[in-house]
Amino acid sequence: MRYVKILSLPNDREKLEKYIQVHSKEHHWREVREGIRQVGIQEMELYIHGNQAVMIIDAPDDLDLDAAFARLATLPRQAEWEAHVAQLQGCDPNATSDQKWQLMERFFHLYE
């Protein structure tokens, strides 16, 4: 199953560049990457256009995405990571992932 979420970021070039940088392999926290896989997410990609970030998540069909993100929030360093990136996202540092990232609705696909 594929999920797509969107997040509006501040219109601040310096914060946007830092937000991209903290997600690079060189700067991203190992525990966060491991946690994403640990909760059952197979792949996660982030894209940016202007100040809009898009997250694409691939997961097994039977994965409860809300439960997976709730579990992810309890894993080591996740709360610290969320507070860290919230500064760059322009979000409340106490906001959950679901409060920040809005699930998009698919209305077309080419394949059967």
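This write-up is about the structure you can find in this document.

**Here's the deal with the overall build of the chain**
Regarding its fold elements, the chain presents 5 helices and 4 strands. Secondary structure elements in the chain, listed N-terminal to C-terminal, are β-α-α-β-β-α-α-α-β. Taken against the 2.2 N^0.38 rule, which gives 13 Å for 112 residues, the C-alpha radius of gyration of the chain at 14 Å falls within 12% of a compact globule. By the burial criterion, 35% of the 112 residues in the chain qualify as buried. When contacts within the chain are restricted to residue pairs at least 6 apart in sequence, long-range pairs at least 24 apart make up 68% of them. As presented, the chain carries roughly 7,600 Å² of accessible surface, and 51% of it is formed by carbon and sulfur atoms.

**A closer look at helix α3 (residues 65-72)**
L65, A68, F69 and L72 are the residues of α3 that are buried. The buried residues of α3 occupy an angular sector of 95 degrees when projected down its axis, which confines them to one face. On the buried face of α3, the contacting elements are β1 (2-8), α2 (30-38), β2 (43-49), β3 (52-58), α4 (78-89) and α5 (97-100). Where α3 begins, the side chain of D64 points an oxygen toward the backbone nitrogen of D66, at a separation of 3.1 Å.

Conventions we followed
- What you see as residue numbers is a count from 1 along each chain, following the sequence as written.
- With the structure being a predicted model, the display of local features is reserved for residues of pLDDT at least 70 and the display and counting of side-chain atom pairs for 80 or more, all residues being used for whole-chain, interface and lining totals.
- The basis for every side-chain value is the complete set of non-hydrogen atoms in the structure, without hydrogens or water.
- By definition, any uninterrupted DSSP run of H or I lasting at least four residues is a helix, any uninterrupted run of E lasting at least two residues is a strand, and each is numbered from the N terminus.
- Each radius of gyration is computed over the set of C-alpha atoms, and the globule rule expresses the reference value as 2.2 Å times the number of residues to the power 0.38.
- When accessible area is computed with a 1.4 Å probe and restricted to protein chains, residues below 20% of their type maximum are described as buried, those above 50% as exposed, and intermediate ones as partly exposed.
- The criterion used for residue contact is that any of the two residues' heavy atoms lie within 4.5 Å.
- Accessibility throughout is a Shrake-Rupley quantity obtained with a 1.4 Å probe, and a residue counts as covered only by protein chains that appear here.
- Arc definition: it is the arc formed by the directions from the helix axis to the C-beta atoms.
- Identification of polar contacts relies on pairs of N or O atoms within 3.5 Å, with a donor-acceptor requirement for protein atoms, meaning one able to donate a hydrogen and the other able to accept it, and with residues adjacent in sequence counted only if both atoms are side-chain atoms.

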